[in-house]
Amino acid sequence: QEDFLPVVLASDIDFRWRSRARENSRPEDVVKTTAYQIVARRAYSNANDSDIGTILWDSGKVATPDGLPDVVVCENVDSMEVGSIVEWSVTAWDFSDKPTRSSWNKFAIGPKNEEWEAKWVSHPVDIASFDEGDSSAFWVNGDDAQQLACDNWTRRKQLPLFRAKLPALDDVNSGEDKVITALLVVSGLGSFRASVDGEPLSSSGPLDPPLTDYAQRVSYRGFDVTKFLTGDGANNSHVIGISMGSGWWDHRPIKGSFIRLFFFPRGAITAVAQLYVTYKSGKTKVMLPTGDDASGWQVAKGHLRESSLFTGEYIDLESMKSFDGWDTDQQWATISPMAQSEHSWTEPVVYQSDTTLDLWRYQLHVKASAAYKNSTKGPNLPANKMAPIGKLVPHEAPPVLPIEKIYPDEVYSLGNGRWMIDFGKAFSGMVRFEEGLPNPIVPTEYPRGHTVNILNPDEAFITVLYGERLELTTGDLNLPVVAGMGLHDGGPKHKSKPAGNAEAKGGVCYPKDHVDAGSLMQRDVYILPRKKADESIQSEGSFSDARQSHFTTHSFRFAEICCTAEPPTGMYALSYRTAFSEWGDFSSSNVRINGGYELVKNAFNSNLLSVQSDCPHREKIQYGGDINANAPAALHLYDLSAFYRKVVYDWRDQQWDNGAYSGTSYWLSLNDYAGIGQGAGETVWATAPPLITVRHMQHYGDTKLLEQTFSNHLAWLNFLRKNFDAGLKQKGYDDELVGYVKEGSGLGDWLTMRG
């Protein structure tokens, strides 16, 4: 896809393709492919270009008497230089020896972790706002420490923008050695979107990079920016921009109930980037690496006052307008030492963790009661300001991208300026207002879920509240069923928990304007000073500038908009999913069976956002049980060759030193009670890594993943061999391992033998 440029290390180049029958081909020709040929060349070269170095690898015609190989390994990796952009094509010969050639497809060669010149950088306010007690404040009960951690987060919750200016390259393009390709490599924690000269480089962003254990590995993206630096663009200067969201990295520190985000590594919002420029001579130059003060990068606090994967965003439309063109040459300005505004541009500072991965993992081992083999000794609780950041790796799977545009089935009034939008089906994504929002009105009383009590009195706002079901008795959104982290009180009509339960479980940093609703809500808030909401007053910003949230996805069928005299026009929803290819299909003569198939497919699409989650609103994390149960269906529907490889890598990073796997792909002390102890998750849940590895090999014929992870899976089986019987007896099973009397089966979570 044009929206995603695959990036690989030179040592990891594998070629795969899918053959389909030509129109009107004979059945005997389709039976077998007799040969193939792969050609890789420098991107943007002419097919007949005879320049030395244009063709990087030509496999020649390779006969396949025993059938096509599942994977073809590149045999000339030395010609694949870091920073280069490559095109490849495959020609296949059918049973009648008739050749067919594919289109040319691009990929890029990315740097290994040790080959990066750039360093992670952050806004100085964000770095300064961390305290040593923040890292462990929510590991134990202590309101004072948690309040301090919340106060520190509040200081930095407004999200930053990064930018750098690239001078014109006409001095080199005036000679023979012209620029032929340019590759920008970028990553950011929590989430990022990159742009050049105001033009977004991808429609991704809500979850980019994908969720991994950021203390061990972080994915980076590669963007082909050749068009900006060649032709007329070579005579102009250019501005690279990176906008940031909190993601899974520096989210609001809500204590939670069973989703304990405080066990994730966290630190200051940070970005890393560098530009590879490749010339006709073959020389490649690294430009604009983020780093020290002389790097040329700038940072400022932008228009997002807060961004959360669970609670949505607060979008300041006035500051958004003031930042219009911030990533263009026309709006570039040098840093002013006199500027004091929170939106002023300043120099970023280098991110530096004050702990090590070894110590971080040691403390998690202690918390999980898992044996730790290494010699590290230290405090049992973290005492660091910011977590370590792991090695940079190329994106292991396609990014999360919009896959469908969904228009409303129905728009109707709920009265008092509140509008219900029904999109006809549930999905993960956001509402986009192509024509902006109308000006707000102030109702006599704000409906449940639409109260905003943390703004200045002179600020007007419009809320967009998301849900997948309606209350049968009231017709408005059922908030408990989509409550983030399961924090809710059951709702006003059927209280299942005491009033205030959500706030009590959420802790001191539970958002104050979610208290009245009794649920942690999926909601976006668009804000503008009240005097400037009047169209008759000329000022910066307008509700007509509102478009969509940036770094969050919601799970919904319905959206409530409050409060406006008329509903927005020109609105639709964007459904997001990891952008792997969809290649399986099913249909029958039975409409109910077909409907069930569509429901399954829709559930997959809603839960495949960088991980395979069990629900896309309440938890958003990856459980082993769900994957074990439905991976065969997922493999039928999608090309998950890269995605499931990442899934296994996620679990490998979380494996304890004693060999135990957790029940989720990031350990959150979630369901350890249902395991057999010593850090092990529920046995069936925690067996997802070897099970998915075997299914991956059987489905794709790729043995590389098995070779890479075999020792990890063997360690898990050895752990079970040593501890399984004793662990089940502790659960109450007898000597024959029949029956149990204690909580948790040792085998599964809610899906137990008895349940």
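In the block above lies the structure referred to throughout.
First things first, this report covers the structure right here in the doc. Being a predicted model, the structure only gives us computed values, none of them experimental.

## Thoughts on empty space enclosed by the protein
- Tallied over the full model, the rule gives nine cavities of 30 Å³ or more.
- Its volume calculated, the largest cavity comes out at about 130 Å³.
- Looking at the lining of the largest cavity, its residues break down into six nonpolar, six polar and one charged.
- There is about 110 Å³ of room inside the second largest cavity.
- If you trace the second largest cavity, you find it lined by Phe 130, Asp 134, Ser 135, Ala 137, Phe 138, Ala 149, Trp 153, Arg 156, Pro 253, Phe 262, Arg 266 and Lys 385.
- Considered class by class, the residues forming the lining of the second largest cavity number seven nonpolar, one polar and four charged.

## Focus on the layout of surface pockets
- One number sums up the size of the second largest pocket: a volume of about 900 Å³.
- Considering the residues around the second largest pocket, the lining is formed by 31 residues, among which Pro 200, His 303, Met 320, Trp 326 and His 550 are closest to the centre.
- Among the elements of the structure, strand S13 (191–196), strand S16 (238–245), helix H6 (317–322) and strand S30 (571–578) are those that each provide at least two residues to the lining of the second largest pocket.
- Split by residue class, the lining of the second largest pocket holds 13 nonpolar, eleven polar and seven charged.

## A short note on the pattern of salt bridges
- Scanning the entire structure with this criterion turns up 29 salt bridges.
- Among the salt bridges present, the one from Asp 97 reaches Lys 61, with a minimum N-O distance of 3.4 Å. Here Asp 97 is found in the loop between strand S7 (85–93) and strand S8 (99–101), whereas its partner Lys 61 is found in the loop between strand S4 (55–58) and strand S5 (62–63), with 36 residues between them in sequence.
- Here Lys 646 ties to Asp 650 by a salt bridge, and the two come within 2.6 Å at their closest N and O atoms. Remark: Asp 650 and Lys 646 occur in helix H11 (residues 641–654); sequence separation between them is four residues, near one turn of the helix.
- Residue Asp 650 is classed as buried on the basis of its relative accessible area of 4%.
- If you follow the salt bridges from partner to partner, you end up with Arg 217, Glu 396, Lys 646, Asp 650 and Asp 653 in one network.

## What to know about helix H9 (residues 591–607)
- Between its first and last C-alpha, H9 extends 24 Å over 17 residues, near the 24 Å set by a 1.5 Å rise per residue.
- Buried within H9 we find Tyr 597, Lys 601, Asn 602, Phe 604, Asn 605, Ser 606 and Asn 607.
- Where H9 is buried, its residues meet strand S24 (400–406), strand S26 (418–433), S30 and helix H10 (624–637).
- The distance from a side-chain oxygen at the start of H9 to the backbone nitrogen of Arg 592 is 2.8 Å, and the residue carrying that oxygen is Asn 590.

Rules used in this analysis
Residues numbered from 1 in each chain as written. Predicted model: local features only at pLDDT ≥ 70, side-chain atom pairs only at ≥ 80, totals over all residues. Heavy atoms only, no water. 1 Å grid on protein atoms, 1.4 Å probe; cavity = no way out; pocket = protein on both sides within 12 Å on 5 of 7 lines; lining within 4 Å. Points joined across faces, edges and corners; volume = space filled by probe spheres on them. Nonpolar A, V, L, I, M, F, W, Y, C, P; charged D, E, K, R; others polar. Helix = DSSP H or I, 4+ residues; strand = E, 2+ residues; numbered from the N terminus. Salt bridge = Lys/Arg side-chain N within 4 Å of Asp/Glu carboxyl O. Buried < 20%, exposed > 50% of the residue type's maximum accessible area, 1.4 Å probe, protein only. Expected span 1.5 Å × (residues − 1). Contact = heavy atoms within 4.5 Å. Polar contact = N/O pair within 3.5 Å; in protein donor to acceptor, adjacent residues only side chain to side chain.

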